[in-house]
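What follows is the residue order along each chain.
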Protein chains: 2
Amino acid sequence: MSSFDLGHIAAHLEGLEETIISKLIDRAQFRTNIRVYQAGESGFDRESHRSLFEVRLLYQERMDARFGRFCVAEERPFNAKLPPPRRKVTLPATGLAVSNFNAVNLTADILPQYLALVNNCCVRGDDGHYGSSVEHDVYAIQAIARRIHYGAFYVAESKHRSDPASFDALAGKNDTESLLRKLTRPQVEERIIDRVREKVATAQANVNPAVRHVIDPDVVVSFYRETIIPLTKKGEVLYLLNRTGKRFTTQRKPRR
Amino acid sequence: MSSFDLGHIAAHLEGLEETIISKLIDRAQFRTNIRVYQAGESGFDRESHRSLFEVRLLYQERMDARFGRFCVAEERPFNAKLPPPRRKVTLPATGLAVSNFNAVNLTADILPQYLALVNNCCVRGDDGHYGSSVEHDVYAIQAIARRIHYGAFYVAESKHRSDPASFDALAGKNDTESLLRKLTRPQVEERIIDRVREKVATAQANVNPAVRHVIDPDVVVSFYRETIIPLTKKGEVLYLLNRTGKRFTTQRKPRR
């Protein structure tokens, strides 16, 4: 099945890099505006315990849920208790072997890392553009989450197919450390890092810095290195631990 | 007042170019998927007369309205009868002289032009990614509308301030043709066109065409030439015709 060809998956992940970069650049056109992350400062009636960012993310996800976004494996929501889809969503079979996509949901890890990233991408301060800031926050964080979850599901399933017995054995022993080691390919990671650095620079090469805030490629590179790549692998491990139809017997009875 | 300095306004318009370009590139990662523009094909119960695109735009604008988006002059909605803001929106005075921002609302002109643009940006066909297609449609069309309306309001007010008597005289005679002529600066338009062409190329320079669909810079250039620039000027004329506090007497009684 071509959708589990590792080259195909890597190509899709590569294509998501531009999206993440452009959404971070959009967010960076506004100040950090930390007030939008402060609980009780949303200005919304009946949302006194949430920040404006949290309200925006919740409302966006409620809308997205009605459109069926979360029927897609790699679209994992940040909020629970979302409404059911209001349209008939017919998606091709994924081939993924997991009974509940939310067994692999890294959003709780992504959120604090993203908020730290905002601090490094944006100019510190308050420009009053609260609505625009949280709008772009939501688009950026959704793009990041999509990349992490797509990798978690599809890279893990692909690698599992290449060596089901060993992966099942490690998952059966709950040996997350060995799984992580087996999933790690430092050369691939370095190639991603280099490509991202170049893309952030190129995407802004023709920008007039008097007009647009230019973000430092190293900020995005660090985010890939310290958040996107590790969380993708954490998700791969989660996927393998939660994979249905584990064949624990294959080790003892190798097929001829 | 610096917000009506023409250089400042041009710089802001220039900064919006990257946003429009990146959102069109995002949309172009999906096929045309014309089914999403067909009425009655949304799959939504109780939305049998709307297309999926129309439903998405409506739901997005309902959410945006609750966040106060349309309190901002350049954020003009495509839909009427939207809910009021649910947060207290405190915005600095714009200095614009118009009693109702919707006197300058070009969205009915933008919509069909945008749909034609999709046909030229995207690979023809159907890939089933309906939800993603309309999601990106909405982000792209909102970015385009923001650019057009920002120009319409702020360029017109800026130019009016430089020569109020002549503009008021032409507006008083409803002489839209002369207004349009007086607002047109062919050299500036050519500079925008050249810059946009270069930006579309640069933004995609490092893209792997096996992974991402690359859009033709000329498609975006034509859209600027045939839609964005003319509609911005149409908006400027509308603004001047609807400008409050016209000083029709200035021609007869020049101030000393």
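Trainee: If you had to explain the interface of chain B and chain A to someone new, which residues and values would you point to?
Mentor: If you look at the interface, chain B gives 42 residues, while chain A gives 42 residues. Here chain B meets chain A over a buried area of about 3800 Å², counting both sides, of which 50% is carbon and sulfur. Considering only the side of chain B, the residues that lose the most area to chain A are Phe67, Arg86 and Arg87 of chain B, jointly responsible for 19% of the buried surface there. The interface formed by chain B and chain A includes 8 salt bridges.

Trainee: Which residues make up the relation of the copies chain B and chain A, and what are the values?
Mentor: Two copies of one chain are present, and they are related through a rotation about an axis combined with an axial shift. Expressed as a screw transformation, the operator carrying chain B onto chain A has a rotation angle of 180 degrees and an axial translation of 0.0 Å, and the superposed copies differ by an RMSD of 0.0 Å. On this basis, the relationship between the two copies can be described by a two-fold rotation axis. Ranked by how close their C-alpha atoms come to the rotation axis, the residues of chain B are headed by Ala203 of chain B, at 2.5 Å. Interface overlap between copies: 100% of the residues of chain B at the interface are likewise at the interface in chain A, consistent with a symmetric, same-surface contact.

Trainee: I'd like a description of the packing of helix α1 (residues 6–27) of chain B against helix α4 (residues 130–162) of chain B, backed by residues and values.
Mentor: Residue and element names in this part refer to chain B. It is the contact of α1 with α4, at a shortest axis distance of 9 Å, that shows an interaxial angle of 165 degrees. With respect to each other, α1 and α4 are oriented roughly antiparallel. The two elements α1 and α4 cross, and the hand of that crossing is left-handed. Classifying every residue of the contact of α1 with α4 by side-chain character gives 13 nonpolar, 7 polar and 7 charged.

Trainee: Lay out the packing of aromatic side chains in plain terms, naming residues and giving numbers.
Mentor: This model, assessed by the stated rule, comprises 17 aromatic pairs over all chains. Pairing Tyr37 of chain B with Phe53 of chain B gives two aromatic rings, centres 5.6 Å apart and planes at 65 degrees, and the pair type is edge-to-face. Here Phe53 of chain B lies in helix α2 (residues 52–67) and Tyr37 of chain B lies in the loop between α1 and α2, a separation of 16 residues in the sequence. For Phe53 of chain B, a relative accessible area of 2% translates into the label buried. One aromatic cluster is present, formed by Phe4, Tyr150 and Tyr154 of chain A through successive ring pairs. Of note, Arg56 of chain A hangs over the ring of Phe67 of chain B, and the distance from its end group to the ring centre comes to 4.9 Å. Here Lys182 of chain B stacks its cationic end above the ring of Phe167 of chain B, 4.9 Å away from the centre of that ring.

Trainee: An account of empty space enclosed by the protein is needed here, citing residue identities and associated values.
Mentor: Over the atoms, a rolling probe the size of a water molecule traces out where space has been left empty. Overall, the coordinates contain 4 cavities of 30 Å³ or more when judged by the stated rule. Lining the largest cavity are 26 residues, and of these Ser22, Ile25 and Ala203 of chain A together with Ser22 and Ala203 of chain B sit closest to its centre. Residues belonging to the lining of the largest cavity are distributed by class as follows: 9 nonpolar, 9 polar and 8 charged.

Trainee: How would you explain unusual backbone geometry if you had to name every residue and give the values?
Mentor: Residue and element names in this part refer to chain B. Backbone geometry places Asn33, a non-glycine residue, at a positive phi of 50 degrees. Examined against the element boundaries, Asn33 turns out to sit in the loop between α1 and α2. One non-glycine residue, Lys81, adopts positive backbone phi at about 55 degrees. For Lys81, the location among the structural elements is in the loop between α2 and α3 (107–121). Exposure remark for Lys81: the relative accessible area of 84% places this residue in the exposed category.

Trainee: Break down the packing of helix α4 (residues 130–162) of chain A against helix α8 (residues 217–242) of chain A for me, with residues and values.
Mentor: Residue and element names in this part refer to chain A. Where α4 meets α8, the closest approach of the two axes is 8 Å, and the angle between their N-to-C directions is 45 degrees. One finds that α4 runs oblique with respect to α8. Seen from above, α4 lies across α8 with right-handed handedness. For the pair formed by α4 and α8, the contact residues are Ile144, Arg147, Ile148, Gly151, Ala152, Phe153, Val155, Ala156, Glu157, Lys159 and His160 on the first element and Phe223, Tyr224, Ile228, Leu231, Thr232, Gly235, Glu236, Tyr239 and Leu240 on the second. In terms of residue class, the contact of α4 with α8 is made up of 12 nonpolar, 4 polar and 4 charged.

Trainee: Quick rundown of the pattern of salt bridges? Include the residues and the values.
Mentor: Residue and element names in this part refer to chain B. What the rule picks out here adds up to 46 salt bridges over all chains. In this structure, the salt-bridge partner of Glu17 is Arg195, at a minimum N-O distance of 2.6 Å. A residue pair is termed long-range when its members are at least 10 positions apart, and Glu17 in helix α1 and Arg195 in helix α7 (residues 186–203) qualify at 178 residues. Classification of Glu17 by relative accessible area gives buried; the value is 1%.

Trainee: Tell me what's going on with the environment of Arg146 of chain A, and back it up with residues and numbers.
Mentor: All names here are of chain A. Turning to its location among the elements, Arg146 is positioned in helix α4. Judged by relative accessible area, Arg146 falls into the buried class, the value being 13%. As for Arg146 and Leu16, which are separated by 130 residues in sequence, their C-alpha atoms are 8.3 Å apart.

Trainee: Lay out helix α2 (residues 52–67) of chain A with the relevant residues and their values.
Mentor: Residue and element names in this part refer to chain A. Between its terminal C-alpha atoms α2 stretches 23 Å, which fits the 22 Å expected from 16 residues at 1.5 Å a residue. Counting buried residues along α2, 13 of its 16 residues qualify, which places the element largely inside the surrounding structure. Gly68, located one to two residues past α2, shows a positive phi value of around 90 degrees.

Trainee: Lay out helix α1 (residues 6–27) of chain A in plain terms, naming residues and giving numbers.
Mentor: In an α-helix, one full turn covers 3.6 residues, which means residues spaced three or four apart are oriented alike. Residue and element names in this part refer to chain A. Taking 1.5 Å of rise per residue, 22 residues should cover 32 Å, and α1 covers 32 Å from first to last C-alpha, within 8% of that figure. With 16 of 22 residues buried, α1 lies mostly within the body of the structure. For α1, the side-chain oxygen to backbone nitrogen distance between the N-cap and Gly7 is 3.2 Å, and the N-cap itself is Asp5.

How each quantity is defined
- Residue indices begin from 1 for each chain and proceed along its sequence in written order.
- A letter from A marks each chain and a number from 1 marks each ligand, given out in the order of writing.
- Owing to the predicted nature of the model, reporting of local features is limited to residues with pLDDT of at least 70; listing and counting of side-chain atom pairs is limited to 80 or more, with chain, interface and lining totals taken over all residues.
- With hydrogens and water excluded, all non-hydrogen atoms of the structure serve as input to the side-chain values.
- Note on contacts: a residue pair qualifies if any of its non-hydrogen atoms lie within 4.5 Å across the two residues.
- A 1.4 Å probe defines the accessible area here, and the buried area is the portion of it lost by two parts on being joined, summed over both.
- By salt bridge we mean one thing: a side-chain nitrogen of Lys or Arg within 4 Å of a carboxyl oxygen of Asp or Glu.
- In this comparison the copies share one frame, found by least squares on the C-alpha atoms of residues holding pLDDT of at least 70 in both.
- The convention used is that axes are lines fitted to C-alpha atoms, helices contributing only their stretch in contact, and that angles between N-to-C directions extend from 0 to 180 degrees.
- Each helix is a run of H or I in the DSSP string that is no shorter than four residues. Each strand is a run of E no shorter than two, and both are numbered from the N terminus.
- In this scheme, roughly parallel covers angles under 35 degrees and roughly antiparallel covers those over 145, while 65 to 115 is roughly perpendicular and the rest are oblique.
- Should the near helix be turned counterclockwise from the far one by less than a right angle, the crossing is left-handed, whereas a clockwise turn marks it as right-handed.
- Side-chain classes are defined by residue name, with Ala, Val, Leu, Ile, Met, Phe, Trp, Tyr, Cys and Pro counting as nonpolar, Asp, Glu, Lys and Arg as charged, and the others, Gly among them, as polar.
- Each aromatic pair joins two rings of Phe, Tyr and Trp (for Trp, the six-membered one) with centres within 6.5 Å, and gets the label stacked for planes under 30 degrees apart, edge-to-face for over 60, and tilted for any other angle.
- Relative accessibility thresholds used throughout: buried, under 20% of the residue-type maximum; exposed, over 50%; partly exposed, between the two (1.4 Å probe, protein chains only).
- Charges are assigned to positions over rings by a cutoff of 6 Å between ring centre and Lys NZ or Arg CZ, combined with an angular limit of 35 degrees from the ring normal.
- Both site types are read off a 1 Å grid over the protein atoms alone. A 1.4 Å probe that fits but cannot get out defines a cavity, while an open set with protein on both sides within 12 Å along at least five of seven lines defines a pocket; lining residues have an atom within 4 Å of a point.
- Grid points are joined across faces, edges and corners, and a volume is the space filled by probe spheres set on the points.
- One less than the residue count of a helix, multiplied by 1.5 Å, gives the span that helix is expected to have.
- We define a polar contact as two N or O atoms separated by no more than 3.5 Å, with the added condition that, inside protein, one atom must be a possible hydrogen donor and the other a possible acceptor, whereas residues neighbouring each other in sequence contribute only through side-chain atom pairs.

All we've got here are geometric facts, nothing functional implied.
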